[in-house]
Amino acid sequence: MTFRVKALVCAVVAGAIASLYSTPGYPSSQWVHFFVYLVAILLSSGMKVAMPKSDGTMSVNFPFILLGILQLSPLQATLLAASSVIAQCRIRVIKPFSLIQILFNVANVTTATVLAWHTYVTSLNVLNKEVAPALAVAATVYFLANTVPLSLILGWESGASPVRQWLQEFPWYLPFYFVGAVLAASADWIGIHFGWLTSLLLIPMVYTVYRAYMAQMARVRDRERHIAETEALHLRTIEGLAMAVEAKDKNTHRHLMRVRVYVSELGKAMGLDRPHMQALVTAAFLHDIGKLAVPEYIINKPGKLTPEEFEKMKIHPVVGADILERVHFPYPVVPIVRSHHEAWDGSGYPDGLKGEEIPIGARILTAVDCFDALASDRPYRKALPIEQAMAFVKSKSGIQFDPVVVKLLDERYLELEEQARRQIEEVEPLKTDLFIERGAAPGAGFAQEQSGEAAEKAVGDSGAGPTTPPQLELLSRIAAAAREAKLIFALEQAMGTSLSPSELSAMLCSRLQPLVPFDCLVVYRKQDDAVIPLYAGGRSAHAFSTQPIPVGEGLSGWVAQSARPIVNGNPTVEPNHLSESGRFAASSSALSIPLFDLSGAVLGVLTVYSSKQAAFSKDDLRVLHAIEPRFSLALENTLRFQFASMEPLQESKADALTQLPNLRHLLSRLNAEVERARSAQQPFAVVACDLKSLKSVNDRHGYATGNQLLRAIARAFRGCSGPDDTVARIGGDEFAFLFPSMDASSADSQLEILHLVVERMCVDQQIEAELSLSVGSAFYPQDGESPEELLATAERRLEIDKRSSMDPRRRRESRPALAGTSAR
């Protein structure tokens, strides 16, 4: 007990002793009456009446205490009352009373009886000997003197307001006190007019009233039990509907359970009445039921919604309200569900309500719904720490949320979070990962599957750039189309080679970099119920582990499951993202598309990541869609070839026509050179070359002559390079060089030699053609620290050089060593 409770108990006991001293001490000769009433009190102490709207009970022996006040001395009446309390504390009790509790109750009723006796005597003189009114006043004083101290103790012990405790528990007792006063006055009147023994008829009267009451209460309990069973069935139906939403939205189960706990406690703290509390708890379960009308790929999309997708998502409060309108709830659920996305300042949807126009239940649900969504994992982002989630909700107080609700939530969110966690652990979520063995095919047969190339490709978020003049925009599109065509051509060539999946992906990484700006490219292969990283390239490749991703989780898992692309998603939701790398944040971007095999099934996922916000556009998505069929086919071939035989992969490291190293060998040398240069802290150069107008040589002189010229140029390239240099043929008319220890200042002379070699070979082969060489260079470490970055930079500068084709004499005079050079 707290100090003030102890003090109150001591005060009540002291008041009882003082009241006994103040009682007139004259004896009464009516001890026979006293013992008869005492027996009646003891026999009737177990006959207790339950109070409506309260958990308390009241014994039917109270009329005998009032008879004692009417017919016996104050001391005898007090002894009857004390005996009654002791009997009630020991007979038919659910939990035994402690000695302190019995002492308090005896002292409390002693004081109440003495006060009632004094009140009766005084009222009898004031009311001209009117017994019934005087006894009613005495019963009222007895009621107040008995219940007020009890309310103080109950309120202080529970932390509630004693006044609220009294109003909640005790007002319903008063009518029963008046009934007791009427019965006692009736028995006294009978005794005066017909003799005392006749007044003993009060005993069967009380018992008859008690039995009638118990019979009526039995019927009431039956009805209440039926109502409780109906409400339980109602609640289970509600939970079943909530589970229907959970079957579509995997995040719903824990969210609904947590929200229910929060809104229940906040509703009680805000003093909501029973109908509004029931409506609030029901709405906590069913507020998202309208999502049944929203496509599943939108609900579980691990990225930002497009305007069209958001319009579809916005219908769920209205659809949910329409669904629940047909249930005819006996409490106001529908307004809460319809308005749970309204904002305090009127900027919400669907009706634009503001302030107190929004139902109180919706105001509570809106704040809690947002808070829990922020503190929970979502497909499009990881959970925020609970303190950050609360800070965000507070920042929207008075804008999006009711300030009163936010203040109350801020005071109790830690306590409610612990309470929600305990309750969630007790509930098993819905299982959907089931396999049904029976059922070979639907009655109408299976649908004919589409190929990946013909499948619908939905588009995600896009960013709009600044306006450009039509001519420049047209030229830009033509240049982009040319670069895309070149990349597609390179992929088609790769299909005829024996590249491994990682080498094919590395080639794509270097060629794609000039077209789509990214920091990391990852190629995933779908295998069973997971997507497995085959390759990760780019400057931020170390930000992702090789951990398999379950299908349906993260960005790439969602793309593999839905077979739809996603634009500007959040890279940090990928399960294999390494947050300690510090490369990507929630504001970073990702572009992901599915890869399809020849049967139209999802083969894997191609995902590119950027540390910038909204880094990718519809054009970037179009580029990936353009290369997807060729890359998917090439990847499928390499995977099949790799598993069929590993020996050819080890043997094929030379170009068949020129006998120069091929792309595989170049990538292997590049990886080794990066490691050597990093440890020795030395530079090196990567040069990409392209023989322009080689097609015209083939057209005028035939492919045999063109091949002869290529072999001669390859030999000359090899001859003008050092013993530690690497020369590789990486495409039809493309070559690449690796020059160890070369930096930008020493590159000019070597590039000039390459131009002279091409001119000399045309003369030696007696070929008159406008054959020119475009060159792009990249240097370690300033242009990149990985093979993919260096190759991508060299390819990009090669493209710049090719686009800046000028008059041959001017081109010869303006060869920049870094960005690239071109000569005839």
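Everything below is about the structure shown above.
What you see is a predicted model, and the numbers here were worked out from it, not measured in a lab. (Residues numbered from 1 in each chain as written. Predicted model: local features only at pLDDT ≥ 70, side-chain atom pairs only at ≥ 80, totals over all residues. Heavy atoms only, no water.)

**What to know about the overall build of the protein**
Inference 1: Helix and strand content of the protein: 30 helices and 13 strands.
Inference 2: Restricting to contacts in the protein with at least 6 residues of sequence separation, those with at least 24 account for 68%.
Inference 3: With an accessible surface of roughly 39,800 Å², the protein has 58% of that area assigned to carbon and sulfur atoms. (Helix = DSSP H or I, 4+ residues; strand = E, 2+ residues; numbered from the N terminus. Contact = heavy atoms within 4.5 Å. Areas by Shrake-Rupley, 256 points an atom, 1.4 Å probe, with all protein chains shown as cover.)

**Points about the pairing of strand E4 (residues 530-537)**
Inference 1: Taken together, the 7 bridges between strand E3 (residues 520-527) and E4 define a ladder with antiparallel strand orientation. Along E4, the bridge assignment pairs Lys526 with Val531.
Inference 2: Linkage of E3 to E4, two consecutive antiparallel strands, is achieved through a turn of 2 residues, within which Asp528 is found at a positive phi near 60°.
Inference 3: Of the pairings in the sheet, the one linking E4 to strand E5 (residues 549-550) comprises 2 bridges and is antiparallel in character. Residue pairing in the sheet places Val531 in a bridge with Ile549 of E5. (Pairing = 2+ DSSP bridges.)

**Considering the side chain of Ser556**
Inference 1: Here Ser556 shows up in helix H22 (residues 554-562).
Inference 2: The exposure class of Ser556 is buried, given its relative accessible area of 0%.
Inference 3: One polar contact links Ser556 to Thr607, side chain to side chain, over a distance of 3.0 Å.
Inference 4: With sequence-adjacent residues up to four places away left out, Ser556 is seen in contact with Tyr524, Ile549, Glu574, Ser592, Val605, Thr607 and Tyr609. (Buried < 20%, exposed > 50% of the residue type's maximum accessible area, 1.4 Å probe, protein only. Polar contact = N/O pair within 3.5 Å; in protein donor to acceptor, adjacent residues only side chain to side chain.)

**Structural notes on the nonpolar core**
Inference 1: Leu512, Leu521, Leu606, Val608, Leu666 and Phe684 are the most contacted members of the largest nonpolar core, which has 48 residues in total.
Inference 2: Met257, Val405, Leu408 and Leu416 belong to the second-largest nonpolar core, a separate cluster that totals 46 residues. (Core = buried A, V, L, I, M, F, W, Y, C linked by side-chain atoms within 4.5 Å.)

**Some details on the state of the cysteines**
Inference 1: Enumeration over the complete set of coordinates arrives at 0 disulfides.
Inference 2: Not engaged in a disulfide, the cysteine Cys689 finds its nearest cysteine sulfur in Cys720; these two sulfurs lie 9.5 Å apart. (Disulfide = S-S within 2.5 Å.)

**A word on H22**
Inference 1: Within H22, 7 of the 9 residues are buried, which leaves the element mostly enclosed by the surrounding structure.
Inference 2: Within two residues after H22, Ala563 carries a phi angle of roughly 60°, on the positive side.

**Concerning empty space enclosed by the protein**
Inference 1: One pass over the full model with this rule turns up 4 cavities of 30 Å³ or more.
Inference 2: Roughly 50 Å³ of internal volume is contained in the second largest cavity.
Inference 3: Forming the walls of the second largest cavity are Glu342, Ala343, Trp344, Ile358, Ala362, Arg363, Thr366, Ala367, Gln400, Phe401 and Asp402. (1 Å grid on protein atoms, 1.4 Å probe; cavity = no way out; pocket = protein on both sides within 12 Å on 5 of 7 lines; lining within 4 Å. Points joined across faces, edges and corners; volume = space filled by probe spheres on them.)

**Details of unusual backbone geometry**
Inference 1: In this structure, Pro350 follows Tyr349 across a cis peptide bond, with omega equal to 10°.
Inference 2: Within the element layout of this structure, Pro350 appears in the loop between helix H16 (334-338) and helix H17 (360-374).
Inference 3: In this structure, the amide linkage connecting Tyr780 to the following residue, Pro781, adopts the cis form with an omega of 5°.
Inference 4: Counting through the fold element by element, Pro781 comes out in the loop between strand E12 (772-780) and helix H29 (787-803).
Inference 5: Phi at Gln681 takes a positive value of approximately 55°, unusual for a residue other than glycine.
Inference 6: In this structure, Gln681 sits in the loop between helix H25 (663-680) and strand E9 (684-692).
Inference 7: Given a relative accessible area of 72%, Gln681 falls into the exposed group.
Inference 8: For Ser741, which is not glycine, the phi dihedral falls at a positive 65°.

**Some remarks on the packing of helix H6 (residues 131-158) against helix H8 (residues 174-194)**
Helix packing for two helices is described by the angle between their axes and how far apart those axes are.
Inference 1: In the contact formed by H6 and H8, the axes pass within 9 Å of each other and the chain directions differ by 140°. Relative to H8, the element H6 is oriented oblique. Seen from above, H6 lies across H8 with right-handed handedness. Contacts from Val131, Ala132, Leu135, Ala136, Ala139, Thr140, Tyr142, Phe143 and Asn146 in H6 reach Leu174, Tyr177, Phe178, Ala181, Ala184, Ala185 and Asp188 in H8.
Inference 2: Considering only residue class, the contact of H6 with H8 consists of 13 nonpolar, 2 polar and 1 charged. (Axes fitted to C-alpha atoms, helices over the stretch in contact; angles between N-to-C directions. Parallel < 35°, antiparallel > 145°, perpendicular 65-115°, else oblique. Left-handed = near helix turned anticlockwise from the far one by under 90°. Nonpolar A, V, L, I, M, F, W, Y, C, P; charged D, E, K, R; others polar.)

**Digging into the pattern of salt bridges**
Opposite charge on two side chains permits pairing when their charged atoms draw close.
Inference 1: This structure, assessed with the given rule, holds 22 salt bridges.
Inference 2: Taking the shortest distance from any N to any O, the salt bridge between Asp410 and Lys394 comes out at 3.5 Å. Of this pair, Asp410 sits in helix H19 (residues 403-425) while Lys394 sits in helix H18 (residues 386-395), and the two are 16 residues apart along the sequence.
Inference 3: A salt bridge links Lys802 to Glu799; its shortest N-O distance comes to 4.0 Å. Of this pair, Lys802 and Glu799 both sit in helix H29, separated by 3 residues, roughly a single helical turn.
Inference 4: The exposure class assigned to Glu799 is buried, which follows from its relative accessible area of 11%.
Inference 5: The network of salt bridges with shared partners includes Arg258, Asp372, Glu417, Glu418 and Arg421. (Salt bridge = Lys/Arg side-chain N within 4 Å of Asp/Glu carboxyl O.)

**A short note on a nonpolar patch on the surface**
Inference 1: A cluster of nonpolar side chains, Leu20, Leu75 and Leu79, forms an exposed patch at the surface whose accessible area comes to about 250 Å².
Inference 2: By secondary structure assignment, the location of Leu75 is in helix H4 (residues 74-90). (Patch = residues over 30% accessible without salt bridge, like charges linked within 9 Å, V, L, I, M, F, W, Y side chains within 5 Å.)

**Things to note about H4**
Inference 1: In this model H4 runs 25 Å from its N-terminal to its C-terminal C-alpha over 17 residues, within 8% of the 24 Å that 1.5 Å per residue would give.
Inference 2: Of the positions making up H4, those classed as buried are Pro74, Gln76, Ala77, Thr78, Leu80, Ala81, Ala82, Ser84, Val85, Ala87 and Cys89.
Inference 3: Looking at the residues trailing H4, positive phi occurs at Arg92, about 55°. (Expected span 1.5 Å × (residues − 1).)

**Comments concerning the packing of helix H2 (residues 31-44) against H4**
Inference 1: Contact pair H2 / H4: the axes reach a minimum separation of 10 Å and the direction vectors enclose 20°. In this view, H2 runs roughly parallel relative to H4, as classed from their interaxial angle. In this structure, the crossing between H2 and H4 has a hand that is right-handed. Facing Trp31, Phe34, Tyr37, Leu38, Ile41 and Leu42 of H2, the residues of H4 in contact are Gln76, Leu79, Leu80, Ser83, Ser84 and Ala87.

**Some thoughts on the environment of Arg258**
Inference 1: Structurally, Arg258 can be placed in helix H11 (residues 252-269).
Inference 2: By relative accessible area, Arg258 is classed as buried at 8%.
Inference 3: For the pair Arg258 and Arg422, spaced 164 residues apart in sequence, the C-alpha to C-alpha distance is 10.0 Å.

**Things to note about the side chain of Ser510**
Inference 1: Here Ser510 is to be found in helix H21 (residues 501-512).
Inference 2: You can call Ser510 buried: its relative accessible area is 4%.
Inference 3: A polar contact of 2.9 Å, which involves the side chain of Ser510, links it to the backbone oxygen of Met507.
Inference 4: In contact with Ser510, not counting residues within four places along its chain, are Glu788, Leu791, Ala792 and Glu795.

**Quick word on the sheet that holds strand E7 (residues 589-596)**
Backbone-to-backbone hydrogen bonds pair the strands of a sheet. The strands run either parallel or antiparallel.
Inference 1: Reading across the sheet, the 6 strands line up as E5-E4-E3-E8-E7-E6 and stay open at both edges, with antiparallel pairing between neighbours. Both edges of this open sheet fall to E5 and strand E6 (566-567), since each of them pairs with a single strand only.
Inference 2: Sheet strands in contact with H21 are E3, E4 and strand E8 (602-610), and its direction is about 60° off that of E4.

**As for the pairing of E9**
Both faces of the sheet carry side chains from a regular strand, because those side chains alternate between them.
Inference 1: Where burial is concerned, most of E9 is hidden: 8 out of the 9 residues are buried.
Inference 2: Pairing geometry for E9 and E12, over 9 bridges, is antiparallel. Considered in E12, the bridge of Val686 is made with Ala778.

**Digging into the packing of aromatic side chains**
Inference 1: Overall, the coordinates contain 15 aromatic pairs when judged by the stated rule.
Inference 2: Taken together, a centroid distance of 6.1 Å and an interplanar angle of 90° make the contact between Phe310 and Tyr349 edge-to-face. Of the two residues, Phe310 is situated in helix H14 (residues 307-313) and Tyr349 in the loop between H16 and H17; the sequence distance between them amounts to 39 residues.
Inference 3: The buried category is assigned to Tyr349, whose relative accessible area is 18%.
Inference 4: When the centroid spacing of 5.6 Å and the interplanar angle of 10° are considered together, the rings of Phe737 and Phe739 count as stacked. Take Phe737 and Phe739: they sit in the same class, and that class is buried.
Inference 5: Taken together, the ring pairs in this structure connect Tyr142, Phe143, Trp166 and Tyr177 into an aromatic cluster. (Phe/Tyr/Trp six-rings, centres within 6.5 Å; stacked < 30°, edge-to-face > 60°.)

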